[in-house]
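Take a look at the letters that make up each chain.
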Amino acid sequence: MPTAVVTGASSGIGAASARALAAEGYHVFCVARRTERIEALAAEIGGTAVTCDVTDETQVSDLADAVGPTLDLLLNNAGGALGTDPVSSGDPADWRRMYEVNVIGTLLVTRALLPALVASGAGTLINLGSTAGHVTYEGGGGYTAAKHGVTAMTETLRLELNGQPVRVTEIAPGMVRTDEFSLNRFGGDTARADAIYAGVRQPLVAEDVADTIAWVATRPHHVNIDLLVVKPLAQAAQHKVHREP
Ligand code: 8X3
């Protein structure tokens, strides 16, 4: 049975992707800080829960031990946004945290699991980027900087792994309505989080993104999808969102 590691598996795109990969026949290591949630998910899909903070080197090393010598697929999904301050008043603590979880977390998990991906002879590494890794927007400075970092890391890794049996993909979603992304960004302010999606007929949902991940994973291994940008029909570009009254 092929194996997959999904970080940030406790909710949203991570949980949906764990389910989608399990449906494709993977044994999924469901990785996150919140043990109860990943244990429930692992029980549901016949996977393995591994409690791990991706920014903690020791815990990531324990994760690598739990996974073992070979791994077919790694989905670096853990990440997120904090705040919408303009650069002129950006909060360094928020910026550091976003860099830490989106970039350093991805670095640590990738470093720890790359030998197992190579050892599989046909590894797949998928980084969850964002449209925010390709464009900028007002109030998005800290998050767009971090996601641009994820894009740069993904592209660098593809160059460095050339000749090795590991393909490298970035999935870059636009507007996705999940339970936690916008709520976390706005510090739990439901009204501000809801306003992001106001009037948008059908923002993407986590399952839409999970579907793209399952598709990338199930292409023949010589097919490397470098970058897959996915947005809802209502979002023609980052700033161009159709809203109904
Ligand atoms: C999420 C997309 O538009 O909030 O990664 O930056 S956006």
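Our subject is the structure listed above.
The sections below set out a description of the structure shown in this document. (Residues numbered from 1 in each chain as written. Predicted model: local features only at pLDDT ≥ 70, side-chain atom pairs only at ≥ 80, totals over all residues. Heavy atoms only, no water.)

Our next topic: the overall build of the chain. Within the chain, the secondary structure is distributed over eight helices and eleven strands. Viewed in the frame of its principal axes, the chain has a C-alpha envelope of about 50 × 40 × 35 Å. Classification of the 245 residues of the chain by burial places 50% in the buried group. For the chain, contacts bridging at least 24 residues in sequence account for 68% of all contacts bridging at least 6. (Helix = DSSP H or I, 4+ residues; strand = E, 2+ residues; numbered from the N terminus. Buried < 20%, exposed > 50% of the residue type's maximum accessible area, 1.4 Å probe, protein only. Contact = heavy atoms within 4.5 Å.)

Note on placement: E155 falls in helix α5 (residues 141-160). A C-alpha to C-alpha distance of 10 Å links E155 and N127, two positions 28 residues apart in sequence.

This paragraph deals with the site of the ligand. Taken together, S130, A132, Y137, Y143, G174, F181, R185 and Q238 form the complete shell of residues around the ligand. Looking at the shell around the ligand, its residues break down into four nonpolar, three polar and one charged. (Near = heavy atom within 4 Å. Nonpolar A, V, L, I, M, F, W, Y, C, P; charged D, E, K, R; others polar.)

At a closest axis distance of 7 Å, the pairing of helix α4 (residues 92-120) and α5 adopts a crossing angle of 20°. By the angle class used here, α4 and α5 are roughly parallel. Here the hand of the crossing between α4 and α5 comes out right-handed. For the pair α4 and α5, the contacting residues are W95, M98, Y99, N102, V103, T106, L107, T110 and L114 in the first and G141, G142, Y143, A145, A146, K147, G149, V150, M153 and L157 in the second. (Axes fitted to C-alpha atoms, helices over the stretch in contact; angles between N-to-C directions. Parallel < 35°, antiparallel > 145°, perpendicular 65-115°, else oblique. Left-handed = near helix turned anticlockwise from the far one by under 90°.)

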